[in-house]
Structure formats: C-alpha cells, structure tokens
Amino acid sequence: MKHSKPTERTKVKVVLPGDTVSLDVTTPGIILGPGLIQAGDSISCTKAGFLVRSGPTYWVENDQKRYIPETSEHVVGRISGKGGEFYRVDIGSAHQAILPFLAFENATKKNRPNLNIGDLIYARVALANKDMDPELQCYNPTNNKAEGFGKLEGGMVLKCSLRYCQRLLTQETDICKLLGQVLQFEVSIGMNGRVWLSSDTIKHISLVYNVLKQAEALNNSECKALVNNLVV
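Residues numbered from 1 in each chain as written. Predicted model: local features only at pLDDT ≥ 70, side-chain atom pairs only at ≥ 80, totals over all residues. Heavy atoms only, no water.

The protein has the name Ribosomal RNA-processing protein 40 in an unreviewed UniProt entry, where Gigaspora margarita is given as its organism. Here is the UniProt Sequence similarities (unreviewed entry) comment for the protein, exactly as written: "Belongs to the RRP40 family." (UniProt positions renumbered as here; feature names shortened; annotations may be inferred.)

Take a look at the structure:
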C-alpha cells in the first residue's frame, strides 16, 4: 500500500444546505468530497455541518448516523437481490441501491459479471435523488475503467461510523499508514460506514480488522502504540 503524509485538517466555517461555497473550481487538483456539489462554476452544500479542508480536499462534516447517498461517493455494498436488468444492493441507506447489469467495465449483455446474493462489491454512487433509489456503477465514468470497483473477493467487512470513514479517507488518522508498515493488506473504504479488508492470511485479516476497530476511538499517538504492540 502507498500512503502519503496526512495533511492538516481545518474547519473553515459552518454551512447549511443550499449555501454557496467560495472556491475556485479552476484550481488544479481541487477535490470536492461529501456534502458538496458542483453545478457549472458554482459549488453548493447539500447538508448541514462544518466545511472542512484537508490539503486540496473539501467536504462537509457532521454527525449523521444513517448513510445518505451522494453522487460520486464510494460505497461497500452487499448484493441482496436481482431484478430484470439490475442487482439490488444493501449500502446501509434508507433505500436499497440498484446496480445495472451493464454498469461494469466493458460489460455487455453477453459478457458481464455474474454476481450472487451475498457477494460484496465496491462501487460509486452514479445517481442520488431523494425521490429515487440510488444507482451504483462499478467503473470510473471519466475513463470507463474499473480502477478497483467491482466484486470484492474474500476478506472481511468492518462496520464503523461515517465520521471514521471520512477520517480514513482523508488520512486524518495515521492507522492505515502505520499498519501498512508491518502488514501487507488491501482496503476499500466506503463512505457508507463500511470498510472491506483483505490480506494474505486469515490471521492477518483478523489483525487488521481488530486494529482498525480499536483505532476508531484513538488519536495518532495511541494508534502508533497499538500497532507497535502487534504480534504479527
């Protein structure tokens, strides 16, 4: 795994749904996270909370308990059923999501992944509307490549708070970086409070699972001590 040095996290201001954020969308490398949406040259907030900046990334942070899907967010889901042309996917939101059979890299009617009920997937929210079931896709729409999206083989799923997932994604917590120094493992972090983990052995998967679970309530110094005491 490759990890960059965590950048400083700053709370910019309190925002409400519909508020316009003064950000220059032409700035190279700027990244909009959860709670922000761009329409033309304007950036607006879709939920209440703190506008937070970490390096080039901006997002709205709050203490919501249930996951509310937003377009472009990444999620870990479980196949719960099949419809005529789509899968039903449990992503922990009020309504189950749909994943079209053809929403995969290079998928055709004759050549598409065959998923079964219970399978895990890593997907992107392609459409989120309060009046419709959220729709998922398992590819990057900018280049039509999978880039890590799709069926997740083996491993374990850690269920945690939405806030913790944000901390993991923005590297506000050092725990993944610290673990990567002593263990080889794969991780797919969903904004829906689910983290998929895999490693070369069951023992290592269990170690990563338990450490990440404990680290949710720890600061970076405590995370370092936790990893240093691991018996690999």
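Turning our eyes to something else, we now look at the overall build of the protein. When helices and strands are counted, the protein shows four helices and 16 strands. On C-alpha atoms alone, the protein measures out to a radius of gyration of 18 Å, which is about the 17 Å that the 2.2 N^0.38 rule sets for 232 residues. Each principal axis of the C-alpha atoms in the protein carries an extent, and together these give about 50 × 45 × 30 Å. Buried positions account for 42% of the 232 residues belonging to the protein. (Helix = DSSP H or I, 4+ residues; strand = E, 2+ residues; numbered from the N terminus. Rg over C-alpha atoms; globule rule 2.2 N^0.38 Å. Buried < 20%, exposed > 50% of the residue type's maximum accessible area, 1.4 Å probe, protein only.)

Turning to the sheet that holds strand β15 (residues 185–190), a few remarks are in order. Ordered in space as β14-β16-β15, the three strands form an open sheet in which the pairing is antiparallel. Two strands bound the open sheet, and with one partner strand each, they are β14 (156–159) and β15. Averaged over neighbouring strand pairs, the angle between their axes works out to 20 degrees when direction is ignored. Sheet analysis places β15 next to strand β16 (residues 194–199), joined by six bridges and oriented antiparallel. Counterpart to Glu186 in the pairing with β16 is Ser198. Packing against the sheet, helix α1 (residues 162–169) makes contact with β15 and β16, and its axis sits at approximately 125 degrees to β15. (Pairing = 2+ DSSP bridges. Axes fitted to C-alpha atoms, helices over the stretch in contact; angles between N-to-C directions. Contact = heavy atoms within 4.5 Å.)

Turning our attention to empty space enclosed by the protein. The tally for this structure, following the rule as stated, stands at one cavity of 30 Å³ or more. Pro34, Lys47, Asn62, Gln64, Tyr67, Ile68, Glu73, Leu162, Arg163, Gln166 and Met191 together form the lining of the largest cavity. In terms of residue class, the lining of the largest cavity is made up of five nonpolar, three polar and three charged. (1 Å grid on protein atoms, 1.4 Å probe; cavity = no way out; pocket = protein on both sides within 12 Å on 5 of 7 lines; lining within 4 Å. Points joined across faces, edges and corners; volume = space filled by probe spheres on them. Nonpolar A, V, L, I, M, F, W, Y, C, P; charged D, E, K, R; others polar.)

Bringing the sheet that holds strand β2 (residues 20–21) into the picture now. Reading across from one edge, β2-β5-β4 is the order of the three strands in this open sheet, with antiparallel pairing throughout. Of all strands in the sheet, those bounded by a partner on one side alone are β2 and β4 (36–39). Across two bridges, β2 lies against strand β5 (residues 42–45) in antiparallel orientation. Its bridge partner lying in β5, Thr20 is registered against Ser44.

Taking 1.5 Å of rise per residue, 14 residues should cover 20 Å, and helix α3 (residues 202–215) covers 20 Å from first to last C-alpha, within 8% of that figure. Restricting attention to buried positions, one finds in α3 the residues His204, Ile205, Leu207, Val208, Tyr209, Val211, Leu212 and Ala215. Structurally, α3 contributes buried residues whose contacts are with β14, α1, α2 (175–180), β15, β16 and α4 (220–228). (Expected span 1.5 Å × (residues − 1).)

Our focus in this paragraph is the layout of surface pockets. Taken as a whole, the second largest pocket encloses approximately 230 Å³ of empty space. In this structure, the second largest pocket is lined by 15 residues; those nearest its centre are Gln64, Lys65, Cys160, Ser161 and Leu162. Among the residues making up the lining of the second largest pocket, the classes are represented as three nonpolar, six polar and six charged.

Two cysteines, two sulfur atoms, one covalent bond between them: this is a disulfide. On inspection of all chains with the given rule, the structure shows zero disulfides. We note that Cys165 lacks a disulfide partner, and the nearest cysteine sulfur, in Cys160, lies 3.6 Å from it. (Disulfide = S-S within 2.5 Å.)

Within the element layout of this structure, Glu73 appears in the loop between β7 (57–61) and β8 (74–82). There is no salt bridge for the buried Glu73, and the closest opposite charge comes from Lys47, which lies 5.0 Å off by N-O distance. Apart from the residues lying within four places of it in its own chain, the contact partners of Glu73 are Pro34, Tyr67, Ile68, Ala123, Arg124, Val125 and Met191. (Lys, Arg positive; Asp, Glu negative; His and termini not counted. Salt bridge = Lys/Arg side-chain N within 4 Å of Asp/Glu carboxyl O.)

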